[in-house]
Amino acid sequence: MRVDLRSDTVTHPTPAMRQAMANAEVGDDVFGEDPTVNRLQERVAEMLGHEAALFTPTGTMANEIAIKVWTQPMDAILVDEESHILHYELAGPAVLSGVQMDTYPIPHGRIDPEAIRRRIRIADDHTPGTRLLCIENTHNRCGGTILPPEQMPVLRQIADSHGLRIHLDGARLFNASVALGVSPQVWTRYADSVMVAFSKGLCCPIGSALVGSRAFIQEAHRVRKLFGGGMRQVGVLAAACLVALDTMIDRLAEDHRRARRLAEAIAEMRGFRVDLETVQTNMVYVETVAPAPEVERRLAEHGVLCLALDPHRLRLVTHHDVDDAGIEHAIRAFRAVSDALGVH
Ligand code: TLP
């Protein structure tokens, strides 16, 4: 049995998505003439309570477009110490927008708004001025943790009092909204721009969307072209995303239930530690006494794939293509590796 827990990005499109892709009406999207893309953009903008949306191939591109639109070279942006933008986008903000990334702390996935306030730079002849605050929900490297909605008005107030925009990296925003049983708008209405992804837990082969005001999206459309992301008859891809919005959001609760089961079982085993407080959605981070790459290799021998993201930390992500039997198999594999390593 093979159980792939490396990421929810490994999910395959469902039969309903393939059907919709085959039948999609298409046009040239660079001219804004793809009816399926247009329908998707209107739908996402409405769901997230913003004026307009833009379809992008990846979440990374959407994040980097937002940063480019909101800043000028020599500005600074604030990202948290564990953010995707800082760790996994190849210094994109420096390369593509000419801005400096400053960081704020996020211990155990929690934001202290005062720590953000203290790190805002006021521009002068020597200092880059902070223009943008980036936040992430759910938070990937913090364990799939949820940004408490009650923090949003506080962050908005800080941003407004210093002339900052807020960009929300919501690659897994629907996981957060399903876990709390609230509308995604409890977060999105306080942000100036939001990225959501279809290619993770929602199982689409490709696709993210960026939302914001009409003026922001107009500029984002130009920057997408600059970054090489102007696409043509991509209604075939947007069609899968529309199916995902109809069929794949509510079921994320199953992934969360399975992540919990996995986390609680591994937390009991020798040689592993799991902070159960951070297991709030579809991710489980496991601290390992043995080197994580060694644990990763041994688990792979049992057909269980995960990612050693740090020297002593593994990430497991539950998703549509791993069922209860897969989770039980993964638990047995962890137990076998724990016994074999014999560490305490
Ligand atoms: N994350 C991927 C890897 O890049 C780590 C994963 O497997 O989790 N924001 C967040 C919070 C993300 O987790 C990701 C993808 C992105 C942005 C980027 O999305 P893509 O891969 O579509 O560029």
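None of these values were measured; they are calculated from a predicted model. (Residues numbered from 1 in each chain as written. Predicted model: local features only at pLDDT ≥ 70, side-chain atom pairs only at ≥ 80, totals over all residues. Heavy atoms only, no water.)

> Pulling in residues and values, what's your account of the overall build of the protein?
Each helix and strand in the protein was counted, giving 14 helices and 13 strands. At 20 Å, the protein has a C-alpha radius of gyration in line with the 20 Å of a compact globule built from 344 residues. Counting only C-alpha atoms and orienting by the principal axes, one finds that the protein spans roughly 60 × 55 × 35 Å. Relative to its full complement of 344 residues, the protein shows a buried share of 57%. Relative to all contacts within the protein whose residues are 6 or more apart in sequence, the contacts with residues 24 or more apart total 74%. With an accessible surface of roughly 14,300 Å², the protein has 51% of that area assigned to carbon and sulfur atoms. Taken as two groups, the 36 positive and 45 negative side-chain charges of the protein have centres that lie 2 Å from each other. (Helix = DSSP H or I, 4+ residues; strand = E, 2+ residues; numbered from the N terminus. Rg over C-alpha atoms; globule rule 2.2 N^0.38 Å. Buried < 20%, exposed > 50% of the residue type's maximum accessible area, 1.4 Å probe, protein only. Contact = heavy atoms within 4.5 Å. Areas by Shrake-Rupley, 256 points an atom, 1.4 Å probe, with all protein chains shown as cover. Lys, Arg positive; Asp, Glu negative; His and termini not counted. Charge placed at Lys NZ, Arg CZ, Asp CG, Glu CD.)

> Outline the sheet that holds strand β12 (residues 307–310), listing residues and values.
One open sheet holds the four strands; their spatial order is β9-β10-β13-β12, and the pairing between them is antiparallel. Two strands in the sheet have a free side with no partner beyond their single neighbour: β9 (272–273) and β12. As judged from the three bridges shared by β12 and strand β13 (residues 313–317), these two strands associate in the antiparallel manner. When the bridges of β13 are listed, Asp-310 appears paired with Arg-313. (Pairing = 2+ DSSP bridges.)

> Account for the domain arrangement of the protein, with residues named and values stated.
A common way to report how large an interface is uses the accessible area buried once the components associate. Its domain assignment divides the protein into domain 1 (11–247) and domain 2 (251–341). Here the C-alpha centroids of domain 1 and domain 2 sit 28 Å apart. Contacts between domain 1 and domain 2 engage 23 residues on the former and 19 residues on the latter. Taken as a group, Arg-141, Gly-143 and Asn-175 account for 27% of the area that domain 1 buries against domain 2, more than any other trio of residues on that side. The interface formed by domain 1 and domain 2 contains two salt bridges. Of the charged contacts, one joins Asp-310 and Arg-141 as a salt bridge, the two residues approaching to 3.4 Å between their closest N and O atoms. At the surface where domain 1 touches domain 2, the tally comes to nine residue pairs in polar contact (both at pLDDT 80 or more). Broken down by element, the residue count for the side of domain 1 that touches domain 2 peaks at four residues, all from helix α8 (residues 173–180). Among the residues forming the side of domain 1 that touches domain 2, the class breakdown is eight nonpolar, 12 polar and three charged. (Domains from an automatic or database assignment. Buried area = accessible area lost by both parts, 1.4 Å probe. Salt bridge = Lys/Arg side-chain N within 4 Å of Asp/Glu carboxyl O. Polar contact = N/O pair within 3.5 Å; in protein donor to acceptor, adjacent residues only side chain to side chain. Nonpolar A, V, L, I, M, F, W, Y, C, P; charged D, E, K, R; others polar.)

> Residue-level account of the packing of helix α12 (residues 252–267) against helix α14 (residues 324–341), with values.
Contact pair α12 / α14: the axes reach a minimum separation of 10 Å and the direction vectors enclose 15°. Comparing their axes, α14 and α12 come out roughly parallel. The way α12 lies across α14 gives a crossing that is right-handed. Along the contact surface, α12 presents Arg-257, Arg-258, Arg-261, Leu-262, Ala-265 and Ile-266, while α14 presents Asp-324, Ile-327, Glu-328, Ala-330, Ile-331 and Phe-334. (Axes fitted to C-alpha atoms, helices over the stretch in contact; angles between N-to-C directions. Parallel < 35°, antiparallel > 145°, perpendicular 65-115°, else oblique. Left-handed = near helix turned anticlockwise from the far one by under 90°.)

> Requested: an account of the site of the ligand, with residues and values cited.
Taken together, the neighbourhood of the ligand is formed by 15 residues, with Ser-7, Gly-59, Thr-60, Asp-169 and Arg-172 sitting nearest. Arg-315 is positioned with one of its side-chain polar atoms (N or O) 2.9 Å from an oxygen atom of the ligand. For the ligand, the accessible surface in isolation is 520 Å², of which the surrounding protein chains cover 83%. Elements supplying a minimum of two residues to the shell around the ligand: α3 (59–70) and α4 (84–88). (Near = heavy atom within 4 Å.)

> I'd like to hear about unusual backbone geometry, residue by residue, with values.
Glycine aside, a negative phi is what most residues show, and trans is what most peptide bonds show. A cis amide bond links Asn-137 to the next residue, Thr-138, at an omega of -5°. With respect to the helices and strands, Thr-138 occurs in the loop between β5 (130–136) and α7 (152–161). Of note in the backbone geometry, Leu-90 takes a positive phi value of approximately 55° without being a glycine. Located in the positive-phi region is His-108, a residue other than glycine, with phi close to 55°. Position of His-108 relative to the elements: it lies in the loop between β4 (100–104) and α6 (113–118). The exposure class of His-108 is exposed, given its relative accessible area of 55%.

> Tell me about α7, residues and numbers included.
Along an α-helix, a turn takes 3.6 residues, which lines up residues three or four apart on a common side. Within the span of α7, buried status applies to Met-152, Leu-155, Arg-156, Ile-158 and Ala-159. Projected down its long axis, α7 shows its buried positions confined to an angular sector of 165°, all on one face. The inward-facing, buried residues of α7 contact α6, β5, β6 (165–170) and α9 (185–188). With its phi angle positive at about 65°, Gly-163 sits one or two positions after the end of α7. (Arc of directions from axis to C-beta.)

> Can you tell me about the side chain of Arg-156, naming the residues and giving the values?
Along the polypeptide, Arg-156 turns up in helix α7. Setting aside residues no more than four positions away along its own chain, Arg-156 makes contact with Leu-164, Ile-166, Tyr-190, Ala-191 and Asp-192.

> How would you sum up the sheet that holds strand β3 (residues 76–80)? Please name residues and give values.
Across a sheet, strands are paired by hydrogen bonds formed along the backbone, either parallel or antiparallel in direction. The seven strands lie next to each other as β2-β8-β7-β6-β5-β3-β4, forming an open sheet whose pairing is mixed. In this open sheet, the two strands that pair with only one neighbour each are β2 (52–56) and β4. Averaged over all neighbouring strand pairs, the angle between strand axes comes to 20°, with direction disregarded. Note that β6 and strand β7 (residues 193–197) share four bridges and pair parallel.

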